[in-house]
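Architecture at a glance
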Amino acid sequence: PAGGVEPGEQVLPVVEPGTFEEDILRRDFTINALAVPLPDVAARMIERSWPRGLDAAVIDLTGGLADLAARRVRVLHPRSFLDDPTRLFRAVRYASRVGGSLDTSTAALASEAVRSGALDTVSEVRRMNELEKFFAEPSVTDVLERARTLGLLESTPLALIRDWAGFLALLSDTTPIGVEEAVGEAFRRSDPTRREDLFRRFGYGPKRLRKLGVSSR
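Presented here is a report on the structure given in the accompanying data block. In this text, all values refer to a predicted model and were calculated from it rather than measured experimentally.

Some points on the packing of helix α8 (residues 140–150) against helix α9 (residues 164–171)
Two elements in contact, α8 and α9, have axes separated by 10 Å at closest approach and are oriented at 155°. Relative to α9, α8 is oriented roughly antiparallel. Residues T141, L144, E145 and R148 of α8 touch α9, and the partners they reach there are W164, F167, L168 and L171. Class assignment for the residues of the contact of α8 with α9 results in 5 nonpolar, 1 polar and 2 charged.

Structure follows, in structure tokens:
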């Protein structure tokens, strides 16, 4: 409906002002819930919501420093991936970036969110935005492997790829490629029986495909 929300569509949460602690606990992962105290005047401006007795160089209310030291990505609450399924994409990016992994509980929650269809509530545009961020990571092949293992790529055009090893070998070349070029390669290496649906879902019409040197047939 005009101005409304389609059934099953994700609705972003309405965020209201809160205390410092409340703001910290709204974060996606513990390693993103670390804070550095503001000096002097700025600190006094938020004195009423500042946690008492916390004057360390880094304020850690959630165990983020220990997780960072262990190279571990951990969510702050069990519904984290259901409340915002794009956190699934961020989780694999951060795990790759720190050279670690999701903690056991977070990995289980992520797998369950994927199995339950949480990503179905995320628009194709937002999925493509998250996929584009994968290609900006220091090790795109590592991020993509992690995402593929978790089942995230099934919600992107890269689900078309049949020759995954060959595709990763292409990405490992000394000349990096962007997400558009990667999508073009995905279509070239794709299962023809699935092309039409994914072309339509992700907005890759004949004109756009021709720019990538790909035929829609």
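Still more to cover.
A few points about the nonpolar core
With 42 residues, the main nonpolar core has L131, F134, F135 and L144 as its most contacted residues. When contributions to this core are tallied by element, the ones reaching two or more residues are α5 (87–98), α6 (104–115), α7 (124–134), α8, α9 and α10 (179–188). The contacts of L144, once residues within four sequence positions are left out, are L131, F134, F135, L153, L158, W164, F167 and L171. Listed in part, the 5 residues of the second largest apolar core include F20, I24, A35 and I59.

Describing α6
Between its terminal C-alpha atoms α6 stretches 17 Å, which fits the 16 Å expected from 12 residues at 1.5 Å a residue. On its buried face, α6 sits against β3 (72–73), α4 (80–83), α5, β4 (101–102) and α8. G117 occupies a position one or two residues after α6 and carries a positive phi of about 85°.

Regarding the pattern of salt bridges
Under the criterion given, the structure shown has 13 salt bridges. One salt bridge connects R115 with E112, and the closest N-O pair in it is separated by 2.9 Å. Here R115 and its partner E112 are both found in helix α6, 3 residues apart, which amounts to about one turn of the helix. A single network of salt bridges, built from pairs that share partners, joins D28, D84 and R90.

Reading guide: rules and limits
Residues numbered from 1 in each chain as written. Predicted model: local features only at pLDDT ≥ 70, side-chain atom pairs only at ≥ 80, totals over all residues. Heavy atoms only, no water. Axes fitted to C-alpha atoms, helices over the stretch in contact; angles between N-to-C directions. Helix = DSSP H or I, 4+ residues; strand = E, 2+ residues; numbered from the N terminus. Parallel < 35°, antiparallel > 145°, perpendicular 65-115°, else oblique. Contact = heavy atoms within 4.5 Å. Nonpolar A, V, L, I, M, F, W, Y, C, P; charged D, E, K, R; others polar. Core = buried A, V, L, I, M, F, W, Y, C linked by side-chain atoms within 4.5 Å. Buried < 20%, exposed > 50% of the residue type's maximum accessible area, 1.4 Å probe, protein only. Expected span 1.5 Å × (residues − 1). Salt bridge = Lys/Arg side-chain N within 4 Å of Asp/Glu carboxyl O.

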